[in-house]
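A closer look at the structure
Listed here are the chains, written in short residue letters.
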Amino acid sequence: VRILPRIRTHLAHSFLIDCLAHPDLQLMREAIRALREELHNYTPAESADLFGQLSNALKDKRIKQNDIAVSAVIIATGIIADIKAKPALLSFIAPGATPQVRRYALISLASLPLGTGQHADVAAALYPLLDDPDYEGLVKPAVAVLSLLPAAKGDQETLRELLNNR
């Protein structure tokens, strides 16, 4: 499995994603570790191919039925750190997702280049999480993502409202 990210072809990426969806947790971990170690050598085209396949995997019924596989694909998506992942990652922090999936989506969201541009959608999705009872799993990663965002109009008022509603 460690060789797959080094091959950097469409077929190798497909096999890598199969490893992320495999029931063997050690195989998943090795696939993620190998991708993390090799991604810096990818060309933009190779990263785009892998990102496209990961995006499709997040829509795959077989993967969506397994929270561990969803989490592994989300982690791999975060490693690529493509801003185009933002809508998908935001969808996985919704209350309907399991705490594990929500946490990994937040961690992956923090890897995106959010320091420039407008990301009101991110702030709007994360502010409600600040009142969640799961501090370590959701609140802390949400604060980490919010700290990356450029200040926007209304942020102070939104935070004031959250504090007053406590």
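The structure this text deals with has already been given above.
Residues numbered from 1 in each chain as written. Predicted model: local features only at pLDDT ≥ 70, side-chain atom pairs only at ≥ 80, totals over all residues. Heavy atoms only, no water.

**Let's talk about the overall build of the protein**
- Secondary structure summary: the protein contains 11 helices and zero strands in total.
- Its helices and strands in sequence order give the protein the pattern α-α-α-α-α-α-α-α-α-α-α, from N to C terminus.
- Against the globule reference of 15 Å for 166 residues, the protein gives a C-alpha radius of gyration of 17 Å, in line with a compact fold.
- Residues counted as buried form 42% of the 166 residues belonging to the protein.
- Summarising the internal contacts of the protein: among those between residues at least 6 apart in sequence, 65% fall at separations of at least 24.
- Roughly 9000 Å² of accessible area belongs to the protein as shown, and the carbon and sulfur atoms make up 57% of that amount.
- Looking at the protein, you have 18 positive and 18 negative side-chain charges, and the mean spots of the two groups are 1 Å apart. (Helix = DSSP H or I, 4+ residues; strand = E, 2+ residues; numbered from the N terminus. Rg over C-alpha atoms; globule rule 2.2 N^0.38 Å. Buried < 20%, exposed > 50% of the residue type's maximum accessible area, 1.4 Å probe, protein only. Contact = heavy atoms within 4.5 Å. Areas by Shrake-Rupley, 256 points an atom, 1.4 Å probe, with all protein chains shown as cover. Lys, Arg positive; Asp, Glu negative; His and termini not counted. Charge placed at Lys NZ, Arg CZ, Asp CG, Glu CD.)

**Considerations on the side chain of Gln53**
- Looking at where Gln53 falls in the secondary structure, it is placed in helix α4 (residues 44-57).
- Residues in contact with Gln53, not counting those within four places in the same chain, are His10, His13, Ser14 and Ile17.

**Concerning unusual backbone geometry**
- For Arg8, which is not a glycine, the phi torsion comes out positive at approximately 60°.
- Along the chain, Arg8 falls in the loop between α1 (4-7) and α2 (10-20).
- A positive phi is found at Ala81, a non-glycine position, where the angle reads about 60°.
- Inspection of the secondary structure puts Ala81 in the loop between α6 (67-80) and α7 (86-91).

**Observations regarding helix α8 (residues 99-109)**
- Listed in full, the buried residues belonging to α8 are Val101, Arg102, Ala105, Leu106, Ser108 and Leu109. Considered in projection along α8, the buried side chains sweep an arc of 165° and stay on one side of the axis.
- Close packing links the buried residues of α8 with α6, α7, α9 (120-126) and α10 (135-146). (Arc of directions from axis to C-beta.)

**Examining the side chain of Arg102**
- Positionally, Arg102 belongs in helix α8.
- Here Arg102 sits buried without a salt bridge, and the closest side chain of opposite charge, Asp132, lies 4.3 Å off (N-O distance).
- Engagement of the side chain of Arg102 in a polar contact is seen with the backbone oxygen of Ile93, the distance being 2.9 Å.
- Look past the residues within four positions of Arg102 in its chain and what remains in contact with it is Phe92, Ile93, Ala94, Pro95, Ala97, Leu129, Asp132 and Leu138. (Salt bridge = Lys/Arg side-chain N within 4 Å of Asp/Glu carboxyl O. Polar contact = N/O pair within 3.5 Å; in protein donor to acceptor, adjacent residues only side chain to side chain.)

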